[in-house]
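Coordinate analysis (summary)
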Amino acid sequence: MTATVLTIFVFCAVAMTGAWLLALKIRNIGIVDVVWAGLMALAGIYCAAVGTGSDLARLSVALMAGLWGFRLFFSLYQRVSHEPEDGRYQALRATWNGSPAKLFVFFQGQAVIVALFSLPFIAAVCGRRRTEAPSARGRITRMNLSSDPRVIARALATSRTVV
């Protein structure tokens, strides 16, 4: 899991560096939103590709994150490419006197956010597959944890240890 988050962060940091350079060139910080949405889509798809959970969970994350992120990406791209810089970003640029260094930190902060927002994707796709039937004694293990409170209560009553 740690390697997945680090991989996503490094990829996003590089992509956001490119986006920062582009933003300086076109004088429109709004590109950060477009790139952020695309990176969220890619993060979800990447997590699904490297996940160890069930095929259904991985497919669901890839589809939902991918469709949502790419839809947002294209929607924001249309807006950013046809309209002047958003007022929020004009104010930010004015407050920071157009400082490229502060804008760089801002863009890298967005890379951190993508990595953090990918944690639910990772949690969804890294579940363990059931490889054994629940034990006859009803012990609770990581592999057979039930959501039925009666099963849990019976297992706790008959088990000496809970793993």
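Throughout, a residue's number is its position along its own chain's written sequence, starting from 1. The model is predicted, so local features are restricted to residues of pLDDT at least 70 and side-chain atom pairs to those at 80 or more, both for listing and for counting; the totals for chains, interfaces and linings are taken over all residues. With hydrogens and water excluded, all non-hydrogen atoms of the structure serve as input to the side-chain values.

**Structural notes on the pattern of salt bridges**
Between side chains of opposite charge, pairing is possible as soon as their charged atoms come close. One side-chain nitrogen of Lys or Arg within 4 Å of one carboxyl oxygen of Asp or Glu is enough to make a salt bridge. Throughout the structure, instances matching the rule amount to four salt bridges. When the shortest N-O distance is used, the salt bridge between Glu-85 and Arg-93 registers 3.0 Å. No difference in accessibility class separates Glu-85 from Arg-93, as the two residues are buried. For Arg-88, the salt bridge is made with Asp-86, and the minimal N-O distance between the two is 3.1 Å. Bridged by salt links that share partners, the residues Asp-33, Asp-86 and Arg-88 form one connected network. Buried, partly exposed and exposed residues are distinguished by accessible area as a fraction of the type maximum, computed with a 1.4 Å probe on protein chains only: under 20%, between the cut-offs, and over 50%, respectively.

**A few points about the packing of helix 1 (residues 2–26) against helix 5 (residues 100–117)**
Taken N-terminus to C-terminus, the directions of helix 1 and helix 5 make an angle of 145 degrees; their axes are 8 Å apart at the nearest point. Remark: the crossing between helix 1 and helix 5 carries right-handed chirality. Contacts from Val-5, Ile-8, Phe-9, Cys-12, Ala-13, Met-16, Thr-17, Ala-19, Trp-20, Ala-23 and Leu-24 of helix 1 reach helix 5 at Pro-100, Leu-103, Phe-104, Phe-107, Gln-108, Gln-110, Ala-111, Val-112, Val-114 and Ala-115. To obtain each axis, a line is fitted to C-alpha atoms, and for helices this fit is confined to the stretch in contact; angles are then taken between N-to-C directions over 0 to 180 degrees. By definition, any uninterrupted DSSP run of H or I lasting at least four residues is a helix, any uninterrupted run of E lasting at least two residues is a strand, and each is numbered from the N terminus. Here a crossing is called left-handed whenever its near helix is offset anticlockwise from the far helix by less than a right angle, and right-handed whenever the offset is clockwise. We call two residues in contact when some of their heavy atoms are within 4.5 Å.

**Points about the environment of Phe-107**
Positionally, Phe-107 belongs in helix 5. A relative accessible area of 0% means that Phe-107 is categorised as buried. Counting along the chain gives 91 residues from Phe-107 to Met-16, while the straight-line C-alpha distance between them is 5.8 Å. When residues no more than four places from it in sequence are discounted, the contact partners of Phe-107 are Met-16, Ala-19, Trp-20, Ala-23, Ile-29, Ile-31 and Val-32.

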